[in-house]
Amino acid sequence: MGLLDILLGRTKPVAPDLDQLFALPSAAVTLEAAAGFAPTGSGAVCFATVEGAAFEQTHREVQALLDADADRDGPPVRLRRDEYGYSWLVSERAPDELPQLVNDLHAVNASMEVNGFGPQLLCSLAGFHDGEGRTLALVYLYKRGTWFPFAPLPDGGQRRDNALELRVRAALGDELRIEQDLSRWFPVWGAPGL
């Protein structure tokens, strides 16, 4: 970054750091102790919809990579498109297999990045729930290298539990690199795993 960039207020974008995903299992322990939320075993990688043979080949590679896991029951990854036009590669694991789920999410992100689809990656998330029927996602912003909590209210509408999100931010501030700009805490309505 040069002097002109500093004077004009331009900043260098944060490079994606997929290793941040590996902080999730220890953060989940803290989250359960602090707020009573346990993993659902569901996670997903969201990206701008991609068409074509190159993406189909990447999807097959991810499928084959995750199929190699002999301990997995059911399909390794399924592709889902949402009503907003985004695609989700969804992985399902047992709730006590969060480290394996994180490995799945990392493998999907890394495969897409290596195959030239890094600019289309938006976020990854892991789902959590508590005994009161509330859901929560910890969302990793690929282009920012940061996390934020997303807590939809259980009434089924598109409203968020902002107080819960702020409590989770406070609880996990030492565990995860939390996104400081709250305007970047975008809602992921209807995301798989919630």
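Further up the page is the structure itself.
All figures in this text were calculated on a predicted structure; none of them were measured in a lab.

Focus: helix H4 (residues 98-114)
Then, in step 1: Between its terminal C-alpha atoms H4 stretches 24 Å, which fits the 24 Å expected from 17 residues at 1.5 Å a residue.
Then, in step 2: Within the sequence span of H4, burial applies to Leu98, Leu101, Val102, Asp104, Leu105, His106, Ala107, Val108, Asn109, Ser111 and Met112.
Then, in step 3: Remark: glycine 116 follows H4 within two positions and exhibits a positive phi of approximately 90°.

Section: the pairing of strand S2 (residues 78-81)
Then, in step 1: Alignment of S2 against strand S3 (residues 86-92), held across 4 bridges, turns out to be antiparallel. Looking across to S3, one finds that leucine 79 is bridged to leucine 89.
Then, in step 2: Counting the residues between successive antiparallel strands, the hairpin from S2 to S3 contains 4 residues, one of them, glycine 85, with a positive phi of roughly 90°.

Some thoughts on the sheet that holds S3
Then, in step 1: If you trace the 6 strands from one edge of the open sheet to the other, you get S2-S3-S1-S4-S5-S6, paired in antiparallel fashion. On the outer flanks of this sheet lie S2 and strand S6 (146-150), each paired with one strand and no other. Between one strand axis and the next, the sheet turns by 25° as a mean value, whatever way the strands run.
Then, in step 2: Bridge count between strand S1 (residues 38-48) and S3: 7 bridges; the pairing is antiparallel. Paired with alanine 44 across the two strands is valine 90, which belongs to S3.

Parameters and conventions
- Residues numbered from 1 in each chain as written.
- Predicted model: local features only at pLDDT ≥ 70, side-chain atom pairs only at ≥ 80, totals over all residues.
- Heavy atoms only, no water.
- Helix = DSSP H or I, 4+ residues; strand = E, 2+ residues; numbered from the N terminus.
- Expected span 1.5 Å × (residues − 1).
- Buried < 20%, exposed > 50% of the residue type's maximum accessible area, 1.4 Å probe, protein only.
- Pairing = 2+ DSSP bridges.
- Axes fitted to C-alpha atoms, helices over the stretch in contact; angles between N-to-C directions.

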